[in-house]
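If you want the building blocks of each chain, they are given just below.
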Amino acid sequence: MSNIKKIVVPFDFSEASLNALEYVANFVGSDRPIAILALYVGVMPTSKAEEDELKKDFAKVLESFNVRLKVEPDFQTATGDLISTILKVEEESNADLIMMGTMGDKITDEAITNTSRLVLDANCPVISIPYGCSIKEPKDIALVMGGEKIDDKEVLTTLLDIARTFDSKVHVLTIYKESVYAEESIVDSTENLLEYYLEHFYVEHTFNKNEDVEEGILDYINEKNIDMLAILPRNHTEKSSPSEGRLTKLLTLHSEIPVLALD
């Protein structure tokens, strides 16, 4: 039985949000009793007539996916700042996960999209879904780990839930810049934890050297045909300072597969 009961999906009829909604519909499938809350956030309040029209258009979009969902999705409108409104609705609705589409930015490293902002600000798991990604089940998932220890073991709950749902293989990847021994000595201490909390879905831990960590991750994704990337945006450590989120931002901008930010 899945621990994921409700998913918030920001939706504004853009290409990125249409692609994300189709991915979410297939992710939920016809057998899982997972509620989808599609959230339309506008700058100006919508009238009753406008909201009714948006709901009709939303229903047509869902119908075009040819996926018969077990729980009928809910469409809501809200007014305000996009990120803070999404996070407020997620908290008030007791949602377990946010799944949001993104166009990304393959050209510059300085851009920051609404989705990358959301991932950095959220205190719940978020899956960013890049426009154009394949609509398929995540059968191979790569969890990126550095030299940090996972003090909050519950952070792996969503990853395990997804692995159980799709019978996925979880590959753990560590990219090191200098000495692999320093990385191994720290990560070795988490091996038992990974095996215990990820059960039999945990299949391997790979150490690759690359001065550019993002490049090393993206190369690994292509080499292993990974379907979903899992990352720990704030390292989830009690004894070290939170990361600045640069790698998280870059991956949500540049990844061509969905990125699960565990929080």
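No experiment lies behind these values; they were computed from the predicted model shown. (Residues numbered from 1 in each chain as written. Predicted model: local features only at pLDDT ≥ 70, side-chain atom pairs only at ≥ 80, totals over all residues. Heavy atoms only, no water.)

Caption draft 1: Highlighting the pattern of salt bridges. In the structure shown here, the tally under the stated rule is six salt bridges. Notably, a salt bridge pairs D227 with K136, separated by 3.1 Å at the nearest N-O pair. Separated by 91 residues along the polypeptide, D227 in the loop between helix 8 (213–224) and strand 9 (228–231) and K136 in the loop between strand 5 (126–130) and strand 6 (140–144) bring together distant segments of the chain. Since its relative accessible area comes to 10%, D227 is described here as buried. Take K136: its relative accessible area is 48%, and that puts it in the partly exposed class. One salt bridge connects E204 with K224, and the closest N-O pair in it is separated by 3.9 Å. Here E204, found in strand 8 (residues 202–209), pairs with K224, found in helix 8; they are 20 residues apart in sequence, far enough to count as distant. What makes K224 partly exposed here is its relative accessible area of 37%. (Salt bridge = Lys/Arg side-chain N within 4 Å of Asp/Glu carboxyl O. Helix = DSSP H or I, 4+ residues; strand = E, 2+ residues; numbered from the N terminus. Buried < 20%, exposed > 50% of the residue type's maximum accessible area, 1.4 Å probe, protein only.)

Caption draft 2: Geometry of the nonpolar core. L143 and L159 are the most contacted members of the largest nonpolar core, which totals 49 residues. Here this core takes seven residues from helix 1 (residues 15–28), the largest share from any one element. Setting aside residues up to four positions removed in sequence, L143 forms contacts with L156, L159, V170, H171, V172, L173, L194, L198, A230 and L262. Core analysis: the next-biggest nonpolar cluster, separate from the first, contains 30 residues, L87, I98, L118 and I231 among them. (Core = buried A, V, L, I, M, F, W, Y, C linked by side-chain atoms within 4.5 Å. Contact = heavy atoms within 4.5 Å.)

Caption draft 3: Local environment of the environment of R32. Considering the arrangement of structural elements, one finds R32 in the loop between helix 1 and strand 2 (35–42). In this structure, the C-alpha to C-alpha distance between R32 and S2, residues 30 residues apart in sequence, is 8.0 Å. Ignoring anything within four residues of it in the chain, the contact list for R32 reads N26, F27, K70, T165 and F166.

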